[in-house]
Amino acid sequence: MSDVGTPLAQLQNHAEFVGRHIGPTTGEQAQMLAQIGFDSIDEFIASVVPPHIAEHAPLALPDARTEVDALKALKALAAKNRRFRSHIGTGYYDTHTPNVILRNLLENPAWYTAYTPYQPEISQGRLEALLNFQTMITDLTRMEIANASLLDEATACAEAMTFCQRLSKSGSNTFVVSTDCHPQTIDVIRTRAEPLGIEVVVGDAAQLCRNSKYFGVLLQYPATQGDILDYAGCIANAHERGALAVVSADLLALTLLKPPGEFGADVVVGTAQRFGVPLGFGGPHAAFFATKEAFKRDMPGRLVGVSVDRSGKPALRLAMQTREQHIRREKATSNICTAQVLLAIIAGMYAAYHGPAGLVRIAERVHRLTAVFAAGVGKFGFTVQQQTFFDTVTIVTGAHTPAIHAAARQHAINLRVIDDASIGVAFDETTTAQDVETLWSVFAMTGTPPGFDAVEPYVFRAIPKALLRSSPFLEHPTFNRYHSETEMMRYLRRLSDKDLALDRTMIPLGSCTMKLNAAAEMIPVTWPEFGGLHPFAPEDQTEGYRVMIEQLEQMLCVITGYDAVSLQPNAGSQGEYAGLLAIRGYHASRGEGHRNVCLIPSSAHGTNPATAQMAGMEVVVVACDRNGNVDVADLRQKAEAHSAQIAALMITYPSTHGVFEEAIRDLCDVVHRHGGQVYIDGANMNAMVGLCKPGQFGGDVSHLNLHKTFCIPHGGGGPGVGPIGVKTHLAPFLPGHSALPSRRAGAVAAAPWGSASILPITWMYITMMGAAGLRQASQVAMLNANYIANRLAPHYPILYAGKHGFVAHECIVDMRPLKEKSGITVDDLAKRLIDYGFHAPTMSFPVAGTLMIEPTESESKQELDRFCDAMIAIREEIRAVELGQGDVRNNPLTNAPHTAQDLAAEWVRPYSREQAVFPLASSVESKYWPPVGRVDNVYGDRNLVCSCPPLSDYAEPHPDEVETARAA
Ligand SMILES: *Cc1c(COP(=O)(O)O)cnc(C)c1O
């Protein structure tokens, strides 16, 4: 079309974003519609979305903006943030993200678009990076085992609390928290303890440990105000009483301080933020959790372990309780699913880049600057409260306090507000000698501050001798090899080359919505205006964030039909938790605090029952019928039976089976009639945006996964944002925060807005799509899913469909009948897809022995066809086995995936090399070579190794050993 004649003002300089986000062109959409029997997309959607819930009015959102315009508008908002130098500390410290890591990891889609490494053969790169993280944590803490990240320091402390309760033999119900812990940690602990009936006692830990009965104690090391305390006595007392001790420790300090593993800690937690991850107004950052080997089965979160592949070659994979919630349901140790993989990887790489000596140099410098500052400030009459400290001191400022804060503001400096008479000052990697002099002039008020050079030569350590670190750490070659930029750049490239992420292929994961994470959405994440803000910075410096957050909350209200939104939860699981707490608070406020039954359909995502348990609720399972729908009769009966006790129904919509259940309004009505609330799990919002609203068809609260439907990349298993939307009556029970002026309920995360620095991704997405674009995205997501279902139906049984025979945004391929006939399993199919260059769909969820496929709207018809062609070709391979044309145990499927080494070895297989690795002509040109063959899970769990193994272990184990282990 020609632009001639269009008024100049309307001439678009750039293509609309929606056409870039949505894969199939209009012409291709018409073709696909024809294939499934429709003339128009509206007609198709009318056969999928039940008319009694469909919304026809366009979403009340501003018009779509181009990439250029949206970025300009967001930049203008970002400019309203004022970046002060932060000396607030309290668990958040400024850091230099090494540029080689910024560019090649944080800003690199090969890393940030990867999925959680459930398919180990295509995830060896990120698994190695996570193993580095675990090794770094066990080394620095001197604990035996560490997981692959948790959501933030405060929630890690809360997880540690329930961990201690499970393991302690004290018989007590009390958890002791030292007053020396960060305030946000205490806040989150209190929230978590209340529904579980745990009594939290905050006080002088040394005294409490000696004189009371308790199951666990939490200590902060160094203390929140700076002191380095000797906890050995306290921990010994705890152990005498059958209690466990948790130490929340600072990673950088541990390079100089005696590690908690050497003074008896049972658990060590903390944040890895200051290892290269920007402040980001509170997140996302990786927390860590380390403990003793003996407690490994009770550890929350995921754990990477070393195993072997089929040829006996070392290979990594997620160990043990990988999908714990799906198996143990309400008995799971934790509800954490998405964690903080990308951020953990950054922290691990920061340690690999600096190495042990580099980290010590950074820590020494920070410590020395702190000591110099303290000595100087003492020279003009102030008392420093700490005798011993690492990077933080508290100054007794008396009546001068307001004047000093005012002077600091004049210099664009933030100090920690402790109380009316004292001020906290924390230092970090970015602090300079010049900063110390500026701080002196701030504190000097009237007197003349000393010069840095006058104080510096006379200052020594302020770390007690008994608590100096003597043990070595990070001696593994990984932490000593990549100190030049060239080596680090190539290491990052080498690892990402081992993996399949969205930058190479579609990742058709049912229930996980792996859609485009557009570059324009990602660019603002690393703007310093967003990255450089401390979560507790004063309100007048964070206007840009606040306006962006308010606008985003408003947009999400419009999209979901709810009245209020909280962006605090750091993942879907945390949204579920915040949502159930809101329901709990609401019932209690009406004198119905006894309501504690949570009805959950048997098909629910595993996080649902695990969360209900955390919220102190009793799970009552509701049956599903043969079509995968909630059994309405069973729901009625269970609701009747528990009528006075019902707190909530937790239901996923569209259903976990990918169907718009017709009965949804009835289901909601039944529960409401019995006085319960309806929690609609909105992780599958990608089928609903612009078409129907959970807040309008019966939901009281929902969480959304911004890292699914709203374009935040999956990061290999995190970060995530799991906001909740609620109707007005639940709004007073949304999470609050001690750093926010108006208190609502307790906090569920360390930072007031959780992972604030990735919210621009969703803001950009909604802004660039506009109402029409969002609606179209949902429509095409369903068109793509139904097109795949239609193409695969002649070859595979497709499970579950709605009233008119259509699926919603995902479809389930049933492998069970084929397995019966051929012996080929869902695993074989998933691994064979790797040979074809694809990431497997979701395996065996929600139904064992099936694959759930969700293509999303971002995949082009060409990519959908490529995938269908592969699936159909694989079906023929299965048929060959079925017909007895191949060996049941030695065929391209059971041997998949095939590595380059397999090819180079002597070839004695009953099929050709060509069929093994180039099954389709189209895969020749951009062949993905898996670095390892099929990984042996059982071997790894029997020989659990969860830190970087010594290089000698990489010698090939004897094949007999591998066989024996497998047989055992
Ligand atoms: C992904 C998902 C969740 C959990 O979200 P996380 O961010 O991984 O905690 C919950 N429910 C459903 C239906 C999901 O698909």
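Quick caveat, the model's predicted, so the values are computed rather than measured.

1. Details of the overall build of the chain
And step 1. Broken down by element type, the chain carries 32 helices and 26 strands.
And step 2. Taking 30 Å as the expected radius of gyration for a compact globule of 968 residues, we find that the chain reaches 28 Å, a close match to that expectation.
And step 3. In terms of overall dimensions, the chain has C-alpha extents of about 85 × 70 × 65 Å along its principal axes.
And step 4. For the chain, buried positions account for 64% of its 968 residues.
And step 5. Relative to all contacts within the chain whose residues are 6 or more apart in sequence, the contacts with residues 24 or more apart total 77%.
And step 6. Surface accessibility of the chain: about 33,400 Å² in total, with carbon and sulfur atoms responsible for 50%.
And step 7. Charge-centre separation for the chain: the mean point of 80 positive side chains lies 2 Å from the mean point of 99 negative side chains.

2. Thoughts on the site of the ligand
And step 1. Around the ligand sit 16 residues in total, of which Thr-338, Ser-511, Asp-681, His-707 and Lys-708 are the nearest.
And step 2. Within the backbone of Ser-573, a nitrogen or oxygen atom sits 2.8 Å from an oxygen atom of the ligand.
And step 3. A total of 380 Å² of accessible area belongs to the ligand in isolation, and the protein chains cover 98% of it.
And step 4. If one sorts the elements of the shell around the ligand by residue count, helix 21 (residues 572–589) sits on top with three residues.
And step 5. In terms of residue class, the shell around the ligand is made up of three nonpolar, ten polar and three charged.

3. With respect to helix 15 (residues 433–444)
And step 1. Under the 1.5 Å per step criterion, the end-to-end length of helix 15 is 16 Å for twelve residues, consistent within 8% with the ideal 16 Å.
And step 2. Met-445 occupies a position one or two residues after helix 15 and carries a positive phi of about 60 degrees.

4. Here's the deal with the side chain of Gln-124
And step 1. For Gln-124, the position within the fold is in helix 7 (residues 124–141).
And step 2. Looking at Gln-124, its side chain comes within polar contact range of the main-chain oxygen of Pro-120, at 3.0 Å.

5. Things to note about the packing of aromatic side chains
And step 1. Counting across every chain of the model gives 28 aromatic pairs.
And step 2. With centroids separated by 5.4 Å and ring planes inclined at 75 degrees, the aromatic side chains of Phe-838 and Phe-867 adopt a geometry described as edge-to-face. With a gap of 29 residues between them, Phe-838 in the loop between helix 27 (826–835) and strand 24 (842–843) and Phe-867 in helix 28 (residues 861–882) connect regions that are remote in the sequence.
And step 3. Lying across the ring of Tyr-577, Arg-192 places its NZ or CZ 5.2 Å from the centre.

6. Considerations on the pattern of salt bridges
And step 1. Under the definition given, this model contains 34 salt bridges.
And step 2. Between Asp-435 and Arg-85 there is a salt bridge, and its shortest N-O distance comes to 3.0 Å. With Asp-435 in helix 15 and Arg-85 in strand 1 (residues 85–87), this pair connects stretches of sequence that are 350 residues apart.
And step 3. Among the residues examined, Asp-435 registers a relative accessible area of 11% and is labelled buried.

7. Some details on the domain arrangement of the chain
And step 1. Taken domain by domain, the chain comprises domain 1 (561–761) and domain 2 (815–933).
And step 2. Once you take the C-alpha centre of each, domain 1 and domain 2 turn out to be 37 Å apart.
And step 3. Each side of the interface is counted separately: domain 1 has six residues, and domain 2 has seven residues.
And step 4. In total, about 430 Å² of surface goes out of reach between domain 1 and domain 2, with carbon and sulfur atoms giving 60% of it.
And step 5. Its largest share of buried area at the contact with domain 2, domain 1 owes to Thr-656, His-657 and Asn-686, together 75% of the area lost on that side.

8. Structural notes on the nonpolar core
And step 1. Phe-44, Met-136, Phe-373, Phe-443 and Phe-660 are the most contacted members of the largest nonpolar core, which totals 242 residues.
And step 2. For this core, the leading source of residues is helix 13 (residues 341–379), giving 22 residues.
And step 3. A domain split of this core shows at least three residues from each of domain 1 (561–761) and domain 2 (815–933).
And step 4. Apart from the residues lying within four places of it in its own chain, the contact partners of Phe-443 are Phe-373, Val-377, Phe-380, Phe-382, Ile-395, Thr-397, Ile-404, Leu-415, Ile-423 and Val-425.
And step 5. If you look at the next biggest cluster of nonpolar residues, it comprises 36 residues, including Ala-156, Phe-215, Leu-218 and Ala-339.

9. Focus on unusual backbone geometry
And step 1. Pro-222 follows Tyr-221 through a cis peptide bond whose omega is -10 degrees.
And step 2. Along the chain, the position of Pro-222 falls in the loop between strand 5 (216–221) and helix 11 (232–240).
And step 3. Omega for the bond connecting Gly-718 with Pro-719 falls within 30 degrees of zero, at 20 degrees, which places this linkage in the cis form.
And step 4. Mapped onto the fold, Pro-719 is located in the loop between strand 20 (701–704) and strand 21 (724–726).
And step 5. With phi around 55 degrees, Ala-412 is a residue other than glycine that occupies positive phi space.
And step 6. Despite not being glycine, Thr-513 has its phi angle at roughly 45 degrees, a positive value.
And step 7. Here Thr-513 shows up in the loop between helix 17 (485–497) and helix 18 (519–522).
And step 8. With a relative accessible area of 2%, Thr-513 lands in the buried category.

10. Side note on the pairing of strand 13 (residues 413–419)
And step 1. Bridge count between strand 1 and strand 13: three bridges; the pairing is parallel. The residue bridging Arg-85 from the neighbouring strand is Ile-413, located in strand 13.
And step 2. As paired elements, strand 13 and strand 14 (residues 422–426) share three bridges and run antiparallel to each other. Directly across from Asp-419, in strand 14, lies its bridge partner Ser-422.

11. Examining the sheet that holds strand 24
And step 1. Spatial strand order, 22-23-25-24: four strands in an open sheet with antiparallel pairing. In the strand order of this sheet, the two ends are held by strand 22 (798–799) and strand 24, each with one partner.
And step 2. Inspection of the sheet shows strand 24 paired to strand 25 (residues 850–853) by two bridges, in the antiparallel sense. Within the sheet, the bridge partner assigned to Thr-842 lies in strand 25 and is Met-852.
And step 3. Helix 25 (residues 759–792) contacts strand 22, strand 23 (811–814) and strand 25 of the sheet and is inclined by roughly 20 degrees relative to strand 23.

Rules used throughout
Residues numbered from 1 in each chain as written. Predicted model: local features only at pLDDT ≥ 70, side-chain atom pairs only at ≥ 80, totals over all residues. Heavy atoms only, no water. Helix = DSSP H or I, 4+ residues; strand = E, 2+ residues; numbered from the N terminus. Rg over C-alpha atoms; globule rule 2.2 N^0.38 Å. Buried < 20%, exposed > 50% of the residue type's maximum accessible area, 1.4 Å probe, protein only. Contact = heavy atoms within 4.5 Å. Areas by Shrake-Rupley, 256 points an atom, 1.4 Å probe, with all protein chains shown as cover. Lys, Arg positive; Asp, Glu negative; His and termini not counted. Charge placed at Lys NZ, Arg CZ, Asp CG, Glu CD. Near = heavy atom within 4 Å. Polar contact = N/O pair within 3.5 Å; in protein donor to acceptor, adjacent residues only side chain to side chain. Nonpolar A, V, L, I, M, F, W, Y, C, P; charged D, E, K, R; others polar. Expected span 1.5 Å × (residues − 1). Phe/Tyr/Trp six-rings, centres within 6.5 Å; stacked < 30°, edge-to-face > 60°. Lys NZ or Arg CZ within 6 Å of the ring centre and 35° of its normal. Salt bridge = Lys/Arg side-chain N within 4 Å of Asp/Glu carboxyl O. Domains from an automatic or database assignment. Buried area = accessible area lost by both parts, 1.4 Å probe. Core = buried A, V, L, I, M, F, W, Y, C linked by side-chain atoms within 4.5 Å. Pairing = 2+ DSSP bridges. Axes fitted to C-alpha atoms, helices over the stretch in contact; angles between N-to-C directions.

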